[in-house]
Amino acid sequence: MDTFLAIASRREVRSYSGEPISDEVVHTILEAGRVAGSGVNRQPWRFVVVRSRQLLDDLATTVYAPHNLLGAELFVAIVVGDGRIQTFDAGRAAQNMMLAGWNAGVGSCPNGFQDDGRAAKLLGLDDPSSLFVGLSFGYPARPRRPEQRTAEAWLTRAKRLPLDELVLAWL
Ligand SMILES: Cc1cc2nc3c(=O)[nH]c(=O)nc-3n(C[C@H](O)[C@H](O)[C@H](O)COP(=O)(O)O)c2cc1C
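Residues numbered from 1 in each chain as written. Predicted model: local features only at pLDDT ≥ 70, side-chain atom pairs only at ≥ 80, totals over all residues. Heavy atoms only, no water.

*Asks:* Looking at this model, I keep getting lost on the layout of surface pockets. Mind explaining?
*Replies:* A probe as big as a water molecule, rolled over the atoms, marks out the empty space that is left. Roughly 740 Å³ of volume is contained in the largest pocket. Taken together, 27 residues form the lining of the largest pocket, with A8, R10, R11, W154 and A158 sitting closest to its centre. Mapped by element, the contributors of at least two residues to the lining of the largest pocket are α1 (3–9), α5 (84–103), α7 (151–157) and α8 (163–166). For the lining of the largest pocket, the element with the most residues is α1, which contributes four residues. A per-class count over the lining of the largest pocket returns 14 nonpolar, three polar and 10 charged. (1 Å grid on protein atoms, 1.4 Å probe; cavity = no way out; pocket = protein on both sides within 12 Å on 5 of 7 lines; lining within 4 Å. Points joined across faces, edges and corners; volume = space filled by probe spheres on them. Helix = DSSP H or I, 4+ residues; strand = E, 2+ residues; numbered from the N terminus. Nonpolar A, V, L, I, M, F, W, Y, C, P; charged D, E, K, R; others polar.)

Now the structure itself:
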């Protein structure tokens, strides 16, 4: 898929079909996270990869939107230290993974934790505050076809602030 079409057409996908995600696609998603750039190339992120149905269901009780995990085939918890640069870096890795998934037809959604203590325990982590966000992945329940519109048409439909509100100044 064209890179800009992937960026413009991607929206969060929260309902999944249940179709398994192959090892190869999971690997591609993780490689996309691994290759993200980071401040001074510190690569401050670590990933906990969950594919076990039981654990996905257990983790569903720890996020704000349990439905996102109950149907997901893959969950990647992103673990990172404190600080603006590190969270920025983790965001870059997260978006890379979600776009790589989208390129393979896999939808995704970021998930915040309402019970990060229990989530950390389930994920085998000592420090709940290191849990930045978790990404749920799965093939969309309602098939999405990025190629059905141009990138420009996807941009027009996006519920986002217009550029003239976002750009504070052209200097
Ligand atoms: C850090 C972060 C946490 C989020 N947490 C949740 C969440 O807990 N549950 C959820 O369904 N969506 C979550 N989202 C997704 C946002 O709601 C979503 O990006 C926004 O509404 C735009 O959605 P769209 O791309 O489908 O238009 C989160 C997004 C971010 C960046």
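More follows now that the structure is in view.
*Asks:* Mind showing me how you'd approach unusual backbone geometry here?
*Replies:* Excluding glycine, most residues fall at negative phi; most peptide bonds, likewise, are trans. A positive phi angle is found at V40, which is not glycine, with a value near 55°. When you line up the elements, V40 lands in the loop between α2 (23–34) and β1 (46–50). One non-glycine residue with positive phi stands out, namely N41, at about 50°. Along the polypeptide, N41 turns up in the loop between α2 and β1.

*Asks:* Would you mind going over helix α6 (residues 116–123) with me for this structure?
*Replies:* An α-helical turn contains 3.6 residues, so any two residues separated by three or four positions project in the same direction. Those residues of α6 not exposed but buried are A119, A120 and L123. The arc that holds the buried residues of α6, viewed along the axis, is 100°, so those residues lie on one side. Contacts from the buried residues of α6 go to β1, α3 (53–60), β2 (74–79) and β4 (131–138). Looking one or two places after α6, you find G124, whose phi comes out positive at around 75°. (Buried < 20%, exposed > 50% of the residue type's maximum accessible area, 1.4 Å probe, protein only. Arc of directions from axis to C-beta. Contact = heavy atoms within 4.5 Å.)

*Asks:* What is the right way to look at the site of the ligand in this model?
*Replies:* If you check the shell around the ligand, you find R11, E12, R14, Y64, A65, N68, C109, P110, N111, G112 and R160 and nothing else. In this structure, P110 approaches the ligand through a main-chain N or O atom, which is 3.4 Å from a nitrogen atom. Here the ligand has 640 Å² of accessible area as a free molecule, and 57% of this is covered by the chains. In terms of residue count, the dominant contributor to the shell around the ligand is strand β3 (residues 107–111) (three residues). Among the residues forming the shell around the ligand, the class breakdown is four nonpolar, three polar and four charged. (Near = heavy atom within 4 Å. Polar contact = N/O pair within 3.5 Å; in protein donor to acceptor, adjacent residues only side chain to side chain. Areas by Shrake-Rupley, 256 points an atom, 1.4 Å probe, with all protein chains shown as cover.)

*Asks:* Would you explain the environment of D164 in this entry?
*Replies:* Among the structural elements, D164 can be located in helix α8. In sequence terms D164 and D116 are 48 residues apart; their C-alpha atoms lie 38 Å from each other.

*Asks:* What should I look at first to understand the nonpolar core in this one?
*Replies:* Looking at soluble globular proteins, one finds that nonpolar side chains tend to be buried together. In terms of nonpolar packing, the biggest core is built from 20 residues, with I21, L74, I78, M97, L135 and F137 touching the most fellow members. Looking at this core, the elements that each hand over two or more residues are α2, β2, α5 and β4. Ranked by the residues each element gives to this core, the list is headed by α5, at five residues. Non-local contacts of L135, meaning those with residues more than four positions away in its chain, are made with L74, F75, V76, I78, A94, M97, M98, C109, P110 and N111. By size, the runner-up hydrophobic cluster in this structure holds 13 residues, among which are V50, A77, L123 and L131. (Core = buried A, V, L, I, M, F, W, Y, C linked by side-chain atoms within 4.5 Å.)

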